[in-house]
There are 2 protein chains.
Amino acid sequence: MSPAMPPRTRGPKPHKVEADQLLDAAQVVFAREGLRPASLRAIAREAGCDPALIYYHFDSKEAMFTALLDRRVPPLVEALKRIADPADLRATPLRLWSVMGAFHRHLSHDPGFRSLVRGEIVRGAEGIQARIQTYLGGAAQQVRGVLEQGIARGEVRPGLPPFLATFFLVRLHLEILDLLPVVAPQILGLEERPDLATAERTWLQLYWRGIATDPAAPCPPLPAFDA
Amino acid sequence: MSPAMPPRTRGPKPHKVEADQLLDAAQVVFAREGLRPASLRAIAREAGCDPALIYYHFDSKEAMFTALLDRRVPPLVEALKRIADPADLRATPLRLWSVMGAFHRHLSHDPGFRSLVRGEIVRGAEGIQARIQTYLGGAAQQVRGVLEQGIARGEVRPGLPPFLATFFLVRLHLEILDLLPVVAPQILGLEERPDLATAERTWLQLYWRGIATDPAAPCPPLPAFDA
DNA sequence: TCAATAATTCAACAGTCGTTGAATTGGAGC
DNA sequence: GCTCCAATTCAACGACTGTTGAATTATTGA
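Residues numbered from 1 in each chain as written. Chains lettered and ligands numbered in written order. Predicted model: local features only at pLDDT ≥ 70, side-chain atom pairs only at ≥ 80, totals over all residues. Heavy atoms only, no water.

Trainee: Honestly, the overall build of chain A in this entry has me stumped. Any pointers?
Mentor: The helix and strand inventory of chain A stands at 10 helices and 0 strands. Along chain A, helices (α) and strands (β) appear in the sequence α-α-α-α-α-α-α-α-α-α when read from the amino end. Against the 2.2 N^0.38 benchmark of 17 Å for 227 residues, chain A shows a C-alpha radius of gyration of 22 Å, more extended than a compact globule. In terms of overall dimensions, chain A has C-alpha extents of about 90 × 40 × 35 Å along its principal axes. (Helix = DSSP H or I, 4+ residues; strand = E, 2+ residues; numbered from the N terminus. Rg over C-alpha atoms; globule rule 2.2 N^0.38 Å.)

Trainee: Explain the packing of helix H1 (residues 19-33) of chain B against helix H2 (residues 40-47) of chain B to me, please; I cannot follow it from the model alone.
Mentor: Each pair of packed helices can be summarised by the angle the axes make with each other and by the distance between the axes. Residue and element names in this part refer to chain B. The contact between H1 and H2 brings their axes to 8 Å, and the two run at 125 degrees. Relative to H2, the element H1 lies oblique. Considering only the axes of H1 and H2, their crossing is right-handed. Listed contacts from H2 to Leu 22, Ala 25, Ala 26, Val 28, Val 29, Phe 30 and Arg 32 of H1 are Ala 42, Ile 43, Glu 46 and Ala 47. Across the contact of H1 with H2, the residue classes tally to 9 nonpolar, no polar and 2 charged. (Axes fitted to C-alpha atoms, helices over the stretch in contact; angles between N-to-C directions. Parallel < 35°, antiparallel > 145°, perpendicular 65-115°, else oblique. Left-handed = near helix turned anticlockwise from the far one by under 90°. Contact = heavy atoms within 4.5 Å. Nonpolar A, V, L, I, M, F, W, Y, C, P; charged D, E, K, R; others polar.)

Trainee: Before we go on, may I ask you to explain helix H7 (residues 126-152) of chain A in this structure?
Mentor: Because an α-helix completes one turn every 3.6 residues, residues spaced three or four positions apart along the sequence face the same direction. Given a rise of 1.5 Å per residue, 27 residues ought to cover 39 Å, and the 38 Å separating the end C-alpha atoms of H7(A) matches this to within 8%. A positive backbone phi angle near 80 degrees is found at Gly154(A), which sits one or two residues after H7(A). (Expected span 1.5 Å × (residues − 1).)

Trainee: Would you mind going over the interface of chain B and chain A with me for this structure?
Mentor: Contacts between the two partners involve 52 residues from chain B and, on the opposite side, 52 residues from chain A. Across the chain B/chain A interface, buried area totals approximately 4,700 Å², and carbon plus sulfur atoms make up 73% of it. Among the residues chain B hides against chain A, the three largest losses belong to Ile187(B), Leu206(B) and Arg209(B). Together they make up 15% of the total. Our count for the chain B to chain A interface comes out at 4 salt bridges. (Buried area = accessible area lost by both parts, 1.4 Å probe. Salt bridge = Lys/Arg side-chain N within 4 Å of Asp/Glu carboxyl O.)

Trainee: Any chance you could explain the side chain of Gln27(B) here in plain terms?
Mentor: Tracing the backbone through its elements, the reader meets Gln27(B) in helix H1. Apart from the residues lying within four places of it in its own chain, the contact partners of Gln27(B) are Leu68(B), Arg71(B), Arg72(B), Asp110(B) and Phe113(B).

Trainee: Before we go on, may I ask you to explain the pattern of salt bridges in this structure?
Mentor: Side chains that carry opposite charge are capable of pairing whenever their charged atoms lie near each other. For the coordinates displayed, the defined rule picks out 24 salt bridges over all chains. A salt bridge links Asp88(A) to Arg90(A), with the shortest nitrogen-to-oxygen separation between them at 2.9 Å. One connected set of salt bridges, linked through shared partners, spans Arg118(A), Arg171(A), Glu175(A), Arg118(B), Arg171(B) and Glu175(B).

Trainee: It is not clear to me how the domain arrangement of chain A should be interpreted in this structure. Could you clarify?
Mentor: Interfaces are often described in size by the accessible area the parts lose on coming together. All names here are of chain A. Split into domains, chain A comes out as domain 1 (16-58) and domain 2 (72-211). Placing the centre of domain 1 and that of domain 2 at their C-alpha centroids yields a distance of 29 Å. Listed by partner, the interface residues are 6 residues for domain 1 and 9 residues for domain 2. If you look at where domain 1 meets domain 2, you find 0 salt bridges. Here domain 1 is connected to domain 2 by 1 residue pair in polar contact (both at pLDDT 80 or more). (Domains from an automatic or database assignment. Polar contact = N/O pair within 3.5 Å; in protein donor to acceptor, adjacent residues only side chain to side chain.)

Trainee: For this particular structure, what's the right way to read the relation of the copies chain B and chain A?
Mentor: Between the two copies of the chain lies a rotation about an axis combined with a shift along it. Overlaying chain B with chain A gives an RMSD of 0.1 Å, the required rotation being 180 degrees about an axis along which the chain moves by 0.0 Å. As the rotation angle and translation indicate, the two copies are arranged about a two-fold axis. Within chain B, the C-alpha atom positioned nearest to the axis of rotation is that of Gly210(B), 2.3 Å from it. Interface residue correspondence from chain B to chain A reaches 100%, placing this contact among same-surface, isologous pairings. (Least-squares fit on C-alpha atoms with pLDDT ≥ 70 in both.)

Trainee: Explain the confidence of the model for chain A to me, please; I cannot follow it from the model alone.
Mentor: Interpretation of the predicted coordinates at a detailed level should be avoided for regions scoring low in pLDDT. Mean pLDDT for chain A: 89, with 92% of residues reaching 70 or above. Predicted confidence is poor over residues 1-5 of chain A, with pLDDT under 50, and the contacts of this stretch with residues over four places away or in other chains come to 0 contacts. (pLDDT = per-residue confidence, 0-100.)

Trainee: In this structure, what is going on with the side chain of Gln133(B)? I would like to understand it.
Mentor: Inspection of the secondary structure puts Gln133(B) in helix H7 (residues 126-152). When neighbours within four sequence positions are excluded, Gln133(B) is seen to be in contact with Gln186(A) and Ile187(A).

Trainee: Got a minute to help me understand the packing of aromatic side chains in this structure?
Mentor: When we look at a pair of aromatic rings, we describe it by the centre distance and by the angle of the planes. All names here are of chain A. Considering all chains together, one arrives at 11 aromatic pairs over all chains under this definition. Plain terms: the ring middles of Trp 97 and Phe 225 are 4.4 Å apart, the flat faces sit at 25 degrees to each other, and that makes the pair stacked. Here Trp 97 is found in helix H5 (residues 92-107), whereas its partner Phe 225 is found in the segment after helix H10 (196-211), with 128 residues between them in sequence. Neither residue differs from the other here; Trp 97 and Phe 225 are each classed as buried. (Phe/Tyr/Trp six-rings, centres within 6.5 Å; stacked < 30°, edge-to-face > 60°. Buried < 20%, exposed > 50% of the residue type's maximum accessible area, 1.4 Å probe, protein only.)

Trainee: Would you take a moment to explain the nonpolar core for this structure?
Mentor: Generally speaking, nonpolar side chains in soluble globular proteins are found buried as a group. Judged by nonpolar contacts, the single largest core of 148 residues is most densely connected at Trp203(A), Tyr207(A), Trp203(B) and Tyr207(B). Take this core: its biggest share by element is 12 residues, from helix H4 (residues 61-84) of chain A. Residue contacts for Tyr207(A): discarding those within four places in its chain leaves Leu96(A), Leu147(A), Ala165(A), Thr166(A), Phe168(A), Leu169(A) and Leu206(B). (Core = buried A, V, L, I, M, F, W, Y, C linked by side-chain atoms within 4.5 Å.)

In C-alpha cells, the structure reads:
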C-alpha cells in the first residue's frame, strides 16, 4: 500500500485569495489584539490561508498595517476637503456636524481599528508613525480650515487657538465612538446603553456653546448623519 | 588550572530589590511597550535583576499590572472624594478645575501609563478589565457628584446627562495629557510645543461655557494646579 | 557555630513569533 | 500536449516568550 499520500493542498485555490481579503482579515485581528500581539498566523487563520501567503502579497506585518491605512484614510480626507471648501456657506455648527459625520462614516465600521491607530501614534514604530502623521495631518488641516473660516465669518469667537479647537472636537468625538460604548455600562454604572447618536449630538451642542461668538444663540437642529 | 570559576552571583544582593522597585521598572516598560509586548526579561533588565526574581514577588505579569493599579489609583479616588464633598461650596468651575488638578497630579508622572490603562479597558483580559472598572467607576462617581451638585445649585444647565458630561470632561482632559504632546508638533503642524497648562485651561473654559446655566457669565480665574 | 530562611540566579521547558526557501499545483498561452 | 507562471503550502530557522524547579548564597536566630 502506498503510504496514504497526504491530500494535495498546494497550488492555486479555486478562489484566489486577493490582497484585499488579507487586509480584511488583518483588520479584524489587528483591531481585536493590537498590532504587535496580532500574529500573522492568526491573520492567516482568519483569512483561511497559510501564513506564508501573506508574504506573497506584502513585505511584512507592518506593511499590512500601512496598506490598511492607505485603504481607509484617503476617502476620509477627501470628504473633509469637500466640507472645508470656503464656498460652503452653511452655518459653522452644521459644517462641524458634517465633519463629525465624515469621521463617523469613514472610521466607524471597524471597532478597535481607531484605537489601534491611536495606540500606534503614541508608541508605534518610526515608519508607521510617519505615515499616520502625514495622513492625519491632512485631515486635521481641513477641520482647522472650517474653524478659521468660522472665525473670519464672525461665528466663532476669536482668541481660541484653532489647533486646540480642532484637537478638542475630533479627539473627543473619536473617544465617544471608541470608549463610550465600552465604558458606559461598566465604569459609569449605566443601566442602559447610551445612544451613540445622542452622545455625538450632545457633544457638538456643548462644543458649539463653548466656541460660538454668541453662546446664547442656540445650535441649529442637527440632521441625521447619513443624509 | 581550575576552569575559571564563574563569579558567584547568586544569593541576596547587598541592596535588596523590593517589590516597589520591580513595580517602578514594570511601569516604565509597560508604558513604553504596552502590556502584552512588554517582556518580563525587559522588566528585569530595567530593574537590574533576573527575570525569575519577579516570580518571587508576584504571581504573574498580569499581577504586576494590577499591583501597579493598586498603587496609583486609590490616592486619586481619595482626592476626588474630598473635592466632591457637598460641603465644598466653591463655584462649580473651580471645583471642576480641582478635579482636573487631581487627575493631573496623580496620573501624569508616568507618560504612557494612562494610555496603557486605556488600552486595557478597550481590549484587556477579563480580570484586568474588572479591576480597572471598579477603580475608575469610583472615580467617575465623584466627578458626577460634583456635576449633579452644580445642577442642584443652579450653576450647571439641566438637561445635560451627567454621565455624558463626566465622560466629556475627564476623557478629553486625559487626551490632552496623553496625546496632545505627541500629536501637536507633528500632526497639527505646530511650530512650537503647546503649553499643557494653557491647553488644560482652554479646555475647562470651553467646557464651562458649554455646560453653564449662564454661558455669558465668564469662567472665574483658574489658579495654578499645585496651589 | 550551625541550621534555617530569605533573596537571588541559573538553566531549561514548551510554546509562539516573523520570516524564508523550496516544493507543489492549477490554469493560461502556445 | 507542453511549458511557463502565478498562487499556494510545507517545513524549518533562530529568536523570543512566560514560567518553573533546583541551586546558591548572605543574613538572621538560636
